[in-house]
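The chain contents come next:
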Amino acid sequence: MHHQNHPEDFSFQDTAKQRVLNLYNHQLHDVPETIWSATQLEVLNLGNNQLTELPEALGNLTNLRMLDLGHNRFGSIPASIGNLTKLRFLYLSDNGFDSVPASLGNLQELQYLNITDNQLTQFPESIVSLSNLIELRLYNNKIQSLSPSVYKLKHLRELYLMNNQLRSLPDSIGGLKQLRKLMLENNQIGSLPESLGEMRNLTDLDLRFNQLTRLPESAGNLKHLRFLDLRANRLSALPESLAALRNLEKLDLRWNQFQTVPAWIDSLKVRGCIVYL
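Residues numbered from 1 in each chain as written. Predicted model: local features only at pLDDT ≥ 70, side-chain atom pairs only at ≥ 80, totals over all residues. Heavy atoms only, no water.

Caption draft 1: The arrangement of the side chain of Ser-126 in detail. Inspection of the secondary structure assignment puts Ser-126 in the loop between strand S6 (112-114) and strand S7 (135-137). Ser-126 gets classed as buried once you look at its relative accessible area, which sits at 11%. (Helix = DSSP H or I, 4+ residues; strand = E, 2+ residues; numbered from the N terminus. Buried < 20%, exposed > 50% of the residue type's maximum accessible area, 1.4 Å probe, protein only.)

Structure below.
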């Protein structure tokens, strides 16, 4: 597989054979036009440049499996991205746009999606159509709520939503049966649904810097949970069901409003769980 790194030379390559093009960090202001006819490309990295516009011709590159458009200045993403139905990895981070095209939902082979560090105020509804998605990164946006249809992401294992403006989670989140990591640091979440306990494969739950006053009793059903971070909330009590979390390795309770320490905390410590109070 031939790697080509110099955009000014790209027109001299055999575009019918080119598979990988890495233009990461080339101080580009414009994408060389010849790229849009290189329909055999499978990997295109345009990350960390100074690009501001993408043509609809992006949709010509229907053999792409990995596309990195991160760390540029794109105000929007063309709808033709929905033509790239072989994509498995898509990076759209740090551009500044406030929405993504509905056609994103066409990318049925997508396994990894990164839209961090943008200006999204809504969870893009098109994402729930990505039935093969494994990892979703949406942190550092302004998202205020999750779609009730999020449960459709049946294969999702990792969900990163730190530094948004979430106030709650939909009951349907319990449908994410394969989820291992749920990262919700620094939102405005005041309560959690009882359906949280249905995510039986969860190993990492990060809820630090929210506004939680209680945890659902069902949290004790998270039998595979290893790390639970509850720092900097408004908790004054915990459900006793947490004592049943046999695989818990670390429980962080600092900067809450506990007047007394539950007796069962000692049983966690005895079996080796680190507890920070």
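Moving on from the model shown.
Caption draft 2: The arrangement of unusual backbone geometry in detail. Look at Asp-117: it is not a glycine, yet its phi comes out positive at around 60 degrees. Mapped onto the elements of the fold, Asp-117 is located in the loop between S6 and S7.

Caption draft 3: Examining the packing of aromatic side chains more closely. A complete count under the given rule lists 3 aromatic pairs for this structure. Judged by centre distance (6.3 Å) and plane angle (40 degrees), the rings of Phe-89 and Tyr-112 are tilted. Of this pair, Phe-89 sits in strand S5 (residues 89-91) while Tyr-112 sits in strand S6, and the two are 23 residues apart along the sequence. Judged by relative accessible area, Tyr-112 falls into the buried class, the value being 13%. Between Tyr-91 and Tyr-112 the ring centres are 5.0 Å apart and the planes differ by 40 degrees, which places this aromatic pair in the tilted class. Here Tyr-91 is found in strand S5, whereas its partner Tyr-112 is found in strand S6, with 21 residues between them in sequence. Here the aromatic cluster, defined as three or more aromatic residues joined through ring pairs, consists of Phe-89, Tyr-91 and Tyr-112. For the cation-ring pair, Arg-254 lies above Trp-255, with the distance from its terminal atom to the ring centre recorded as 5.2 Å. (Phe/Tyr/Trp six-rings, centres within 6.5 Å; stacked < 30°, edge-to-face > 60°. Lys NZ or Arg CZ within 6 Å of the ring centre and 35° of its normal.)

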